[in-house]
Amino acid sequence: IIGIKGALPLYDPTFRGYGGNKIQHIYHLAATGSHFTVLPQVFIVSRVHAIAETKKATTRGWNELRIECLLADFRIRMQEKYGNSNALMDRSEDVRN
C-alpha cells in the first residue's frame, strides 16, 4: 500500500500477532472509499524463510475461528461507521479467497 502516512487508517490492535491484520486494514481502506490501483509491471518478491514458532502457535483451529469472529465484528463496525456503500465490504469471501 502506498499512501500518505497521516491519511491511512491505523491497524486495529485487536488483530495483533498472526491473522487478519492485513485483511482488516484493506477492509478499513475500502470502507473509507480509498481507491485501489494495480501498478502494471510492478511486483514484489518475498524470500522463502522458516515459519516462526509464534506463527505455528497461532495457526491452530481455535485461533482461526477467533480471527473469523474478529473479522465479522470488524466488518459490522466498519459498516456502522461508514455505511455499506462500498462493494468490497459486501464481498468479504471474494477478498479473502
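Summary of the structure given here. (Residues numbered from 1 in each chain as written. Predicted model: local features only at pLDDT ≥ 70, side-chain atom pairs only at ≥ 80, totals over all residues. Heavy atoms only, no water.)

1. Let's talk about the side chain of R75
Applicable threshold: To qualify as a helix, a DSSP run of H or I must reach at least 4 residues; to qualify as a strand, a run of E must reach at least 2; elements of each kind are numbered from the N terminus. Throughout this description, a polar contact denotes any pair of N or O atoms lying within 3.5 Å of each other; where both atoms belong to protein, one of them has to be capable of donating a hydrogen while the other can accept it, and for residues adjacent in sequence the pair is counted only when both atoms sit in side chains.
Positionally, R75 belongs in helix α3 (residues 61-82). Separated by 3.4 Å, the side chains of R75 and Y27 make a polar contact.

2. Some points on the nonpolar core
This is how the line gets drawn: We call a set of buried residues a nonpolar core when its members are Ala, Val, Leu, Ile, Met, Phe, Trp, Tyr or Cys and they connect through side-chain atoms within 4.5 Å of each other. For every residue, the accessible area obtained with a 1.4 Å probe (protein chains only) is divided by the maximum for its type, and the residue is called buried under 20%, exposed over 50%, and partly exposed between those limits. Should any heavy atoms of two residues lie within 4.5 Å, those residues are counted as being in contact.
Counting residues in hydrophobic clusters, the biggest one holds 8 residues: F15, Y27, A31, I67, L70, L71, F74 and M78. Looking at this core, the elements with two or more residues in it are α1 (21-31) and α3. Per-element accounting of this core gives the leading share, 5 residues, to α3. With residues near it in sequence (within four places) discarded, F74 still touches D12, F15, Q24, Y27 and H28.

3. Observations regarding unusual backbone geometry
In this model, Q41 sits at a positive phi of 60 degrees, which is unusual for a non-glycine residue. Mapped onto the fold, Q41 is located in the loop between α1 and α2 (53-58).

4. Considerations on the layout of surface pockets
This is how the line gets drawn: A pocket here means an open set of points on a 1 Å grid, computed over the protein atoms alone, that has protein on both sides within 12 Å along at least five of seven lines. A cavity is instead a set of points where a 1.4 Å probe fits but cannot get out; residues with an atom within 4 Å of a point line either one. Grid points are joined across faces, edges and corners, and a volume is the space filled by probe spheres set on the points. Ten residue types, Ala, Val, Leu, Ile, Met, Phe, Trp, Tyr, Cys and Pro, are classed as nonpolar, four, Asp, Glu, Lys and Arg, as charged, and the remainder, Gly among them, as polar.
Approximately 440 Å³ is the volume attributed to the largest pocket. Lining the largest pocket are 13 residues, and of these I1, I2, F36, T37 and L39 lie nearest its centre. A per-class count over the lining of the largest pocket returns 10 nonpolar, 3 polar and no charged.

5. Details of the pattern of salt bridges
Side-chain pairing between opposite charges can occur once the charged atoms of the two side chains come close. What counts, and what does not: The salt bridge definition used is simple: a Lys or Arg side-chain nitrogen within 4 Å of an Asp or Glu carboxyl oxygen.
Applying the stated criterion across every chain yields a total of 2 salt bridges. The partner of D12 in a salt bridge is R77, with the nearest N and O atoms 3.0 Å apart. On the criterion of sequence distance, the pair formed by D12 in the segment before α1 and R77 in helix α3 is long-range, its members being 65 residues apart. In this structure R77 comes out as partly exposed when scored by relative accessible area, which is 31%. Residues joined by salt bridges that share partners form a network here, namely D12, D73 and R77.

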